[in-house]
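A structural walkthrough
The chain contents come next:
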Amino acid sequence: MTVAEFEEELYRKVKVLNETIWEHRANRPSIDKWLANFTDAKEKTHALFLLSQFMYFGSLQMRELLKCLFRDLYKYPVVEKIRRSNSDTMDANVINTAFKISQTQTRFLGIGNPSESGTHLLYFFRQENKLPKDLFINTHEIFVNTGSTITLRNPNIRHYVFIDDFCGSGSQAKSYSSTIIEIIKRIDPTIETSYLMLFATKSGCEEVISGTSFDTVSAVVELDDSFKYFHASSRYFKNISAHIDKVFLQALCEKHGLELIKSLYTQNGLTDPQLSISANRDKLGYKDCQLLIGFHHNTPDNTLPIIWYDEDLIEWFPVFRRYNKNYGI
């Protein structure tokens, strides 16, 4: 197969992906515009190969995953505890009655401020699981601060469930643990706290488990090292064409990624020497996650920057845009 034939095969693949999975986010003109970011024919071929492996989860898939999160990560564990505390009962009336009581003593919250994706997903989470509105609160509603003491606003709540769309490095969950979960535990150590995610890297989960006070940390989909694009066990380079050179593709992603992330962090006010350290760490995705994944509502910064970068300092057209925020590195 010639290079031209190989490229046409890749174009056919991304066309099918765009029409069936990507929700028409990447048509041929936008792909060609993205490929124009790259400097020569070999870079363009390798970039097109990389794009053909992009994992995208659209609106319907995200809604189904939110059902799975409620059922598998919240409801089933609660039901299992109810059964164990009632001599392994299979009596549906006993289980359903106890579950309803347990649910009224639960509050669901998003990770991040109200403008971020974890909180944004709560609306769809409530819809898909037919949950009453009063089971959802903001983090500031957990406590009452009298100035001299901090107490729980509602001592009858026995379980706080924090929901997130994605955990890459675990940094945000660790921040939440130190500012919110540890305070809850100091007030009442018997209160249960959970951090439940749609997607998480295996290393991110381990970081949250070992470095926070959450009682439960779990994800619907856990991404192991094979999802790390250039890892030794990467799933992306099995039986690849002779036209694809993994070493060349990694160098390409590092070269452009470093330039893009330096630009982003400069725009966010970071200066040397921290600028060089952070940009080198994050040139293949935040904290070197090296992912190739995107969602209907956003693309994580843990994904390779050449996919999503869309800032002013460098002219770069993203194929799956990320709606950015200040990193506060």
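The structure contained in this document is the topic of the report that follows.

Scoring rules and cut-offs
- Residues numbered from 1 in each chain as written.
- Predicted model: local features only at pLDDT ≥ 70, side-chain atom pairs only at ≥ 80, totals over all residues.
- Heavy atoms only, no water.
- Helix = DSSP H or I, 4+ residues; strand = E, 2+ residues; numbered from the N terminus.
- Contact = heavy atoms within 4.5 Å.
- Areas by Shrake-Rupley, 256 points an atom, 1.4 Å probe, with all protein chains shown as cover.
- Lys, Arg positive; Asp, Glu negative; His and termini not counted.
- Charge placed at Lys NZ, Arg CZ, Asp CG, Glu CD.
- Axes fitted to C-alpha atoms, helices over the stretch in contact; angles between N-to-C directions.
- Parallel < 35°, antiparallel > 145°, perpendicular 65-115°, else oblique.
- Nonpolar A, V, L, I, M, F, W, Y, C, P; charged D, E, K, R; others polar.
- Pairing = 2+ DSSP bridges.
- Salt bridge = Lys/Arg side-chain N within 4 Å of Asp/Glu carboxyl O.
- Buried < 20%, exposed > 50% of the residue type's maximum accessible area, 1.4 Å probe, protein only.
- Polar contact = N/O pair within 3.5 Å; in protein donor to acceptor, adjacent residues only side chain to side chain.
- Core = buried A, V, L, I, M, F, W, Y, C linked by side-chain atoms within 4.5 Å.

Some details on the overall build of the protein chain
Along the protein chain, the regular secondary structure elements total 11 helices and eight strands. Seen along its three principal axes, the alpha-carbon backbone of the protein chain occupies a region of about 65 × 50 × 30 Å. Put simply, of all contacts in the protein chain between residues at least 6 apart along the chain, 63% involve residues at least 24 apart. Of the roughly 16000 Å² of accessible surface on the protein chain, 51% is carried by carbon and sulfur atoms. In the protein chain, the 38 positive side-chain charges and the 40 negative ones have mean positions that sit 4 Å from each other.

A few points about the packing of helix α3 (residues 41–51) against helix α9 (residues 246–267)
The interhelical angle for the contact between α3 and α9, taken along N-to-C directions, is 95 degrees, at an axis separation of 10 Å. Comparing the axis directions of α3 and α9 gives the class roughly perpendicular. Facing α3, whose interface residues are Lys 42, Glu 43, His 46, Phe 49 and Leu 50, α9 presents Phe 248, Leu 249, Leu 252, Cys 253, Lys 255 and His 256. Across the contact of α3 with α9, the residue classes tally to six nonpolar, two polar and three charged.

Thoughts on the sheet that holds strand β6 (residues 192–201)
Spatial ordering of the open sheet is given by β2-β5-β6-β7, a layout of four strands whose pairing is parallel. What marks the edges here is a single partner per strand, and that holds for β2 (106–110) and β7 (216–223). In this sheet, neighbouring strand axes are inclined to one another by 15 degrees on average, regardless of whether the strands run parallel or antiparallel. In terms of strand pairing, β2 meets strand β5 (residues 159–167) through five bridges, oriented parallel. Its bridge partner being in β5, Leu 109 is matched across the sheet by Phe 162.

Some details on the pattern of salt bridges
Applying the stated criterion across every chain yields a total of 19 salt bridges. Salt-bridge contacts for Lys 15 lead to Glu 19; the nearest nitrogen and oxygen are separated by 2.8 Å. Taken together, the positions of Lys 15 and Glu 19, both in helix α1 (residues 3–20) and four residues apart, correspond to about one turn of that helix. For Asp 215, the salt bridge goes to Lys 185, with nearest N and O atoms at 2.5 Å. Of this pair, Asp 215 sits in the loop between α8 (202–211) and β7 while Lys 185 is found in helix α7 (residues 171–187), placing the two residues 30 residues apart along the sequence. Take Asp 215: its relative accessible area is 43%, and that puts it in the partly exposed class.

What about the environment of Tyr 309?
By the element assignment, Tyr 309 lies in the segment after α11 (305–308). Sequence separation of Tyr 309 and His 24 is 285 residues, and the distance between their C-alpha atoms is 19 Å. Apart from the residues within four sequence positions on either side, Tyr 309 is in contact with Leu 260, Ser 263, Leu 264, Ile 314, Trp 316, Phe 317 and Pro 318. A distance of 2.7 Å separates polar atoms of two side chains, one belonging to Tyr 309 and the other to Ser 263.

Focus on the side chain of Gln 103
Looking at the element boundaries, Gln 103 is found in helix α5 (residues 92–104). Judged by relative accessible area, which is 15%, Gln 103 ranks as buried. If sequence neighbours within four positions are ignored, Gln 103 has contacts with Phe 70, Tyr 74, Leu 131 and Leu 135.

Digging into the nonpolar core
Formed by 76 residues in total, the largest nonpolar core has its most connected members in Trp 34, Phe 108, Tyr 229, Ile 306 and Ile 307. Ranked by the residues each element gives to this core, the list is headed by helix α4 (residues 59–85), at 10 residues. Setting aside anything within four residues of it in sequence, one finds Trp 34 in contact with Ala 47, Leu 51, Ile 306, Ile 307, Trp 316, Phe 317, Pro 318 and Val 319. The next biggest cluster of nonpolar side chains, apart from the first, holds 25 residues, and it includes Ile 111, Cys 167, Ile 184 and Phe 214.

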